[in-house]
Structures are given as C-alpha cells and as structure tokens.
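# Summary of the model geometry
Listed below are the residues making up each chain.
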Amino acid sequence: MTILRIASPSELPAHLRGGVVAIGNFDGVHRGHCSVLERALEIARESGVPALVLTFEPHPRSVFRPDSPVFRLTPAPLRARLLDALGFDAVIEQPFNRGFASTSAEDFVHSILRDALDIRHVVTGVDFHFGKERRGGPAFLMAEGERLGFGVTLVDAFRDENAEVISSSRIRSLLSAGDVAQAAGLLGYRFTVEAEVGHGKKLGRTLGYPTANMRLPPETDLALGIYAVRYRRPDGSLHDGVASFGRRPTVDADGAPLLETFLFDFSGNLYGEVSSVSFFGFLRGEEKFDDLDALVIQMKQDEAEARALLSRITPLSDLDRALSFGS
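Position numbers for residues start from 1 in each chain and track the written sequence from start to end. Since the coordinates come from a predicted model, pLDDT governs what is reported: local features require at least 70, and pairs of side-chain atoms require 80 or more to be given and counted, while whole-chain, interface and lining totals use all residues. Side-chain measures here rest on the full set of heavy atoms in the structure, leaving out hydrogens and waters.

### Brief notes about helix H3 (residues 76-86)
Note the following rule: Type-normalised accessible area, obtained with a 1.4 Å probe on protein chains alone, sets the label of each residue: buried when under 20%, exposed when over 50%, and partly exposed for intermediate values. Secondary structure elements are taken from DSSP: a helix is a run of H or I of four residues or more, a strand is a run of E of two residues or more, and numbering for both begins at the N terminus. The contact criterion used throughout is that any non-hydrogen atoms of two residues lie within 4.5 Å.
Of all eleven residues that make up H3, eight are buried, and the element is covered over most of its length. Those residues of H3 that fall on the buried side of the exposure criterion are Ala 76, Leu 78, Arg 79, Ala 80, Leu 82, Leu 83, Asp 84 and Leu 86. Among the structural elements, strand E1 (4-6), helix H1 (31-47), strand E3 (51-57), strand E4 (90-95), strand E7 (192-198) and helix H11 (318-324) are those in contact with the buried residues of H3. At the exit of H3 stands Gly 87, carrying a positive phi of roughly 115°.

In structure tokens form, the structure reads like this:
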C-alpha cells in the first residue's frame, strides 16, 4: 500500500496538511460510502491538494456496547487497502474511547479539523453527527466552515437500483443469511476477510483436501456453509478455491467457527501467512454427514460447483478488480 495509516490527527505530516478530508466510519467502504469518498477525491484533485480520510478506531459501537461488538465488514487494515485502491493519500484512524466521545463539537472542529489537519474542505454524509451527545450536525459544520474558512460538502444517502439506502447493517444482514452475491452488489466488490493461516487437525490433508485454516473474529456473523472463493497470498498471487466456514459437525462435537479453504491445483506451505479470502458464491449450508466417505463425495461435488461458478466471474468495479482479480 502507498496510503499512510496515521494513528492520530496530530501525527499528520506537514505535506498532507491543507487537504480535503472525508469523515465517517466507512465500515465496508460500500457503494454508499464511495459516493462520499469519490466526491472528496474529486474536490482534492480539482484543488491540487491531498485527499484524506478521517475515521474512528475501534468502531464506536464496540465502545458503547462492549457486550455486543459489531461485526466489522472491513477491519482497519482491509479498510486501508480499499481506501488506498480508491486513491487516498492517508487515513487518520482517530482512537475512539469514552474520553474522545465526550469531546465537544466545537473542540472537534477546532482541534482536529482546523489545528491538526488544517483542512481546506470536508466531505461527509448528510446524517453525520459528531461531538458530545452528537450535538454537531450538518448545519453546525457548515456554519463552522464558513466562520473558519473551509468548505463543506454534504452527500445524500446513496440508494441502490431499487431505491433502497445502502448501509453497512443491511450488508451484514445479507452476509448472515449467506447471500454473498447480493452483498457484493451493495459493497461494489466481493466480501473479503483477512487472517493468519494457522494449524488445524490436518484431517483435510488425509482426505485429499488440504486446507488453509483461519480463525475469524468471534463476532463474524457470516452464515455457516460452503462457499466458492478466491484466495490471495501476501505476494499477491491469486488462487481459486472452495471454503467451509463452520463448526465441522461431522468430525467435531463442539467446534468453534473456522474458515477452511481448499485451494485448487496448489501445493505449498501457507502457515503463518496473513492472506485474504473473497467470497463469490454460497454453495450450501453446513451439514453433518454419517461418515467421512459421504463427506468426501460431497466435497467433490462442492469443488466441481465452485470451479464452474468461478470460471465465469468478472469484476464488479475497480475496487473488486484490485481486491480479487489483479495486483
């Protein structure tokens, strides 16, 4: 990546001050978010200044509702990859905690937007609120911009082809139902996860289906089942495959959810690599088989179906191409 990931607005390099900043959580960097992000990029390019994103880490809901952490569509590293592919120069990942949440709207504008970032222009959605008790809203931001000398652009909620608003929560609901195809239509790219490949029981190897095993965050609310996927190694190489996300009921009485990916026509050591898996199609739900022979028969069918599905895929967008199709 060429994008800079910055942990605090005060750490922004001098050459990136005076830019255009898009503000929001941007979990998912979906098509609705892109309407905000692309407008910020346009203004930055027209003005010849840096293009920045100001976001918050961790997700605010995880701070206010720690007993119910949010299913992150794009954890910070993946979000940065997507923002990099869009063309941003830096993403400021403002630490979010209860102390920061008590910052007044006035202090947010003065200490962060003006003093730390010295912004020329801010772009955000019409529903963006900030500061203690969310007292800062569109009217306040526009008034402060006029007073302090920076421009403000507010972008309306983006709607899909059926005139429904695209939101992260809507995409999460689709993924929980296994509808990765419709989720991809709203994201603008195939849903992707990243994790380190660890050791498993190595049963797949004995069955002729060695897998790359990944533990996803426990709050990952993806439907248990079998998927046609594309796997990207750290060196950028891409491999089609079939993946199981589930508890392995045939061989494990009470297993924690695990993502197990079988790469087609591949042999090699993947342990310890942080790789990504992009989901192209849901093949079936997780099942418990009577014995391993029945499981292998079904795995062969899954492989054939996944190969057929993946043989006819095309990129949905430039983001999709960057994430799942090319270097």
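There is more to say, and it comes next.
### Notes on the packing of helix H5 (residues 105-116) against helix H6 (residues 138-148)
Convention followed: Interaxial angles span 0 to 180 degrees and are taken between N-to-C directions of axes, which are lines fitted to C-alpha atoms, for helices over the stretch in contact. Oblique is the label for any angle not under 35 degrees, not over 145, and not in the 65 to 115 range, which are roughly parallel, roughly antiparallel and roughly perpendicular in turn. Left-handed is the label given to a crossing in which the near helix is rotated counterclockwise from the far helix by less than a right angle, and right-handed is the label when the rotation is clockwise.
Here H5 crosses H6 at 50°, and the two axes come no closer than 11 Å. Compared by their axis directions, H5 and H6 come out oblique. H6 is crossed by H5, and the crossing has right-handed handedness. Taken together, the residues of H6 that come into contact with H5 (itself represented by Ala 105, Glu 106, Val 109, His 110, Leu 113 and Arg 114) are Phe 140, Leu 141, Glu 144, Arg 147 and Leu 148.

### Re the environment of Phe 130
When you line up the elements, Phe 130 lands in the loop between strand E5 (121-125) and H6. Separated by 17 residues in sequence, Phe 130 and Leu 113 have C-alpha atoms that sit 12 Å apart. Beyond its immediate chain neighbours, meaning those up to four positions away, Phe 130 contacts Ala 105, Phe 108, Val 109, Arg 135, Gly 136, Gly 137, Phe 140 and Leu 141.

### Points about helix H10 (residues 292-310)
The line we're drawing: Multiplying 1.5 Å by the helix residue count minus one yields the expected span of that helix.
A rise of 1.5 Å per residue sets the reference length of H10, with its 19 residues, at 27 Å; its end C-alpha atoms lie 26 Å apart and thus fit the reference within 8%. Looking at the buried positions of H10, the neighbouring elements they touch are strand E9 (225-232), strand E10 (238-246), strand E11 (258-263) and strand E12 (274-285).

### Describing the sheet that holds E1
Rule in force here: Strand pairing is assigned whenever DSSP detects at least two bridges linking the two strands.
Within the open sheet, the six strands sit side by side as E1-E4-E3-E2-E5-E6. Their pairing is parallel. Two strands lie at the open edges of the sheet, namely E1 and strand E6 (151-155), each paired on one side alone. Strand-to-strand twist in this sheet, taken as the mean axis angle between neighbours without regard to direction, amounts to 20°. Where strand E2 (residues 20-23) meets E3, four bridges bridge the pair, whose relative direction is parallel. The residue bridging Val 20 from the neighbouring strand is Ala 51, located in E3. This element, H5, spans E2, E3 and E4 of the sheet and lies at about 130° to E3. Sheet strands in contact with H6 are E5 and E6, and its direction is about 155° off that of E6.

### Re the packing of helix H7 (residues 168-176) against helix H8 (residues 180-187)
Condition: Under the grouping applied here, Gly and all other residues not named as nonpolar or charged are polar, the nonpolar ones being Ala, Val, Leu, Ile, Met, Phe, Trp, Tyr, Cys and Pro and the charged ones Asp, Glu, Lys and Arg.
Contact geometry of H7 with H8 gives a least axis separation of 8 Å together with a crossing angle of 160°. Looking at the two axes, H7 sits roughly antiparallel to H8. In terms of crossing hand, the pair formed by H7 and H8 is left-handed. Taken together, the residues of H8 that come into contact with H7 (itself represented by Arg 170, Ile 171, Leu 174 and Leu 175) are Val 180, Gln 182, Ala 183, Leu 186 and Leu 187. Counted by class, the contact of H7 with H8 contains seven nonpolar, one polar and one charged residues.

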